[in-house]
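Residue-level listing of the chains:
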Amino acid sequence: MKNMPKLLSLFLASTLCVPVLAESPLDFRFPIDCSYTEAGYPVPLCGKPLTKYAVVQKQAGNHKTYPEHFIAGSEAIEADEMRITTIGSGNPPVRLGQASTSWLVELGNGDNFIFDIGGGTVPALWSLGVPLSTLDKVFVTHLHLDHFGGIFNLWDSMGWGRNTPLHVWGSSGHTPELGVAAFVENIEKSAAWHILSKTGIAAREGMQIKAHEFDYAKFTPEQPKQLVYAENDVYIYAFPVDHILQGAVGYRLEWNGLSMAFTGDSEPTTHEAEMAKGVDVFIHELFIDAPTFSEKNAMPIEVAKNIVHKHTSPEELGEIFSIAEPVLGVGTHFFTNEDTIDGAFAGLSKTYSGPVAIAQDLMVINVTKEQIVTRMARTDLLSWSEPAPESDDKPTYDPKPSEGVTLKWISETRIERSYN
Ligand SMILES: [Zn+2]
Ligand SMILES: [Zn+2]
């Protein structure tokens, strides 16, 4: 919040067409003026959300108005509001303008939740002005690396003011080594050098990851979902989705009469649609067709078909939304290029006529009882850390390691220190 006056003045300058200060670190990767596709959608990364439903009214009441862009760090969340931000909307090939999969859900009660933490996503998460110490709850849909590959970066940020462990929720797999607990254990094992080197420097608690694994075998037709988180009036349910192996799940979060669902990757099923029935925002994957996927990724068509046929086409997503009837349906995990989005919206419209959007990185959705408003964020490319909230937690610093440290003959050549 310490930068608020500067950020606000920059925002006002941008809306009034006053030249923005050259030293501004705000992300102006997109121009102020958009051009539009043939079907009338803003071209990707031009600063407008990919939707014709930027405002969806739910009921009469206080229809709050928002600035055109969400300026990171300058807009407090209201006490009764849910804010959903796309941290990553893409695929395994992490693109500069489209990281892999991750979503941030902030609630007006101060709770924050991360759903998936794919490769390339943490810089965007960091840029939103949210204290990293409050980003300690990650819910993983499945263990494909485009949904979990950013965990090292998030974990590494713990040296910045976090005195508490990172908590990761996820499912068991078909065998113990295929579950989220084994994945976390192996991450810790692989980072043995990192952990030992930081012992005595960073707080012990902040270097821990704790897995909360729920039992996939307990999902049955009689028990199609499990309550996996219930604190502070926030309820998160997990339910199985159809994605290659056992252990892939979707989540539904409910709080204060507001709700969202996120299903990670999946082939379309009526089950996931039923589990997301009636939510405010239903975030579901969306995939381009095999010939385009093959051509754009220089991949043999047979391989492209193998991949694409494990995912959901626009027409299939429309069918899912028709069953789930969300207030806003969001397609994600899509290659958002100027020449792909019109086809996706056309496919969706064949089977669904409700409000839809296609996610881009740093799309922001404000959800209240009265409305759902979708915008794009402008963020600080060179952001600093926000201070952590006051806490009674006292960090523990273990003694620094005495064995395995730098060779004595090298440390004896250290140049005399002259900085603070
Ligand atoms: Zn996957
Ligand atoms: Zn994926």
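Residues numbered from 1 in each chain as written. Chains lettered and ligands numbered in written order. Predicted model: local features only at pLDDT ≥ 70, side-chain atom pairs only at ≥ 80, totals over all residues.

**Points about the overall build of the protein chain**
A count of helices and strands for the protein chain gives 12 helices and 18 strands. Taking 22 Å as the expected radius of gyration for a compact globule of 420 residues, we find that the protein chain reaches 22 Å, a close match to that expectation. Seen through its C-alpha atoms, the protein chain measures out along the principal axes to roughly 70 × 60 × 50 Å. For the protein chain, the residues scored as buried account for 44% of the 420 residues in total. Look at the contacts in the protein chain between residues 6 or more apart in sequence, and 69% of them connect residues 24 or more apart. (Helix = DSSP H or I, 4+ residues; strand = E, 2+ residues; numbered from the N terminus. Rg over C-alpha atoms; globule rule 2.2 N^0.38 Å. Buried ≥ 20, exposed ≤ 12 C-beta atoms within 10 Å, placed from the backbone. Contact = placed C-beta atoms within 7 Å.)

**Points about the sheet that holds strand β1 (residues 50-51)**
Spatial strand order, β1-β16-β15-β14-β13-β12-β11-β10: 8 strands in an open sheet with mixed pairing. Because the sheet does not close on itself, it has two edges, and the strands there are β1 and β10 (226-231). Where β10 and strand β11 (residues 234-240) come together, 5 bridges link them in antiparallel fashion. When the sheet's bridge partners are listed, Y229 is paired in β11 with I236. Contacting β14 (281-285), β15 (328-332) and β16 (356-358), helix α10 (residues 314-324) crosses the sheet at an angle of about 155° to β14. (Pairing = 2+ DSSP bridges. Axes fitted to C-alpha atoms, helices over the stretch in contact; angles between N-to-C directions.)

**Describing the nonpolar core**
Nonpolar side chains tend to gather and get buried jointly when the protein is soluble and globular. V105, Y251, M260, A261, V281 and F282 are the most contacted members of the largest nonpolar core, which totals 91 residues. Setting aside its immediate chain neighbours within four residues, Y251 contacts F115, F139, I236, Y237, A238, A261 and F262. (Core = buried A, V, L, I, M, F, W, Y, C linked by C-beta atoms within 7 Å.)

**Regarding the environment of S89**
The topology assignment puts S89 in strand β4 (residues 82-89). In this structure S89 comes out as buried when scored by C-beta crowding, with 32 C-beta atoms within 10 Å. Considering only alpha carbons, one finds S89 and S172, 83 residues apart in sequence, at a separation of 25 Å. With residues near it in sequence (within four places) discarded, S89 still touches Q98, T332, T336, A359, Q360 and D361.

**Overview of the pairing of strand β12 (residues 249-255)**
The two faces of the sheet receive side chains in turn, since in a regular strand these alternate between them. Counting buried positions along β12 gives 6 out of 7 residues, so the element sits mostly inside the fold. In the sheet, β11 pairs with β12 via 6 bridges, with the strands oriented antiparallel. Looking at the pairing, Y235 lines up with E254 of β12. A loop of 2 residues connects β12 with strand β13 (residues 258-262), the two strands running antiparallel in sequence, and N256 in this loop sits at a positive phi of about 55°.

**Some thoughts on helix α5 (residues 180-190)**
What α5 keeps buried is the set V180, F183 and V184. For α5, the arc enclosing every buried residue in end-on projection is 95°, short of the 170-degree limit, so these residues lie on one face. Seen from the open side of α5, the exposed residues pointing more than 90 degrees away from its buried face are N186 and K189. On its buried side, α5 packs onto β8 (166-171) and β9 (209-214). (Arc of directions from axis to C-beta.)

Functional significance is not addressed by these values, which are geometric in nature.
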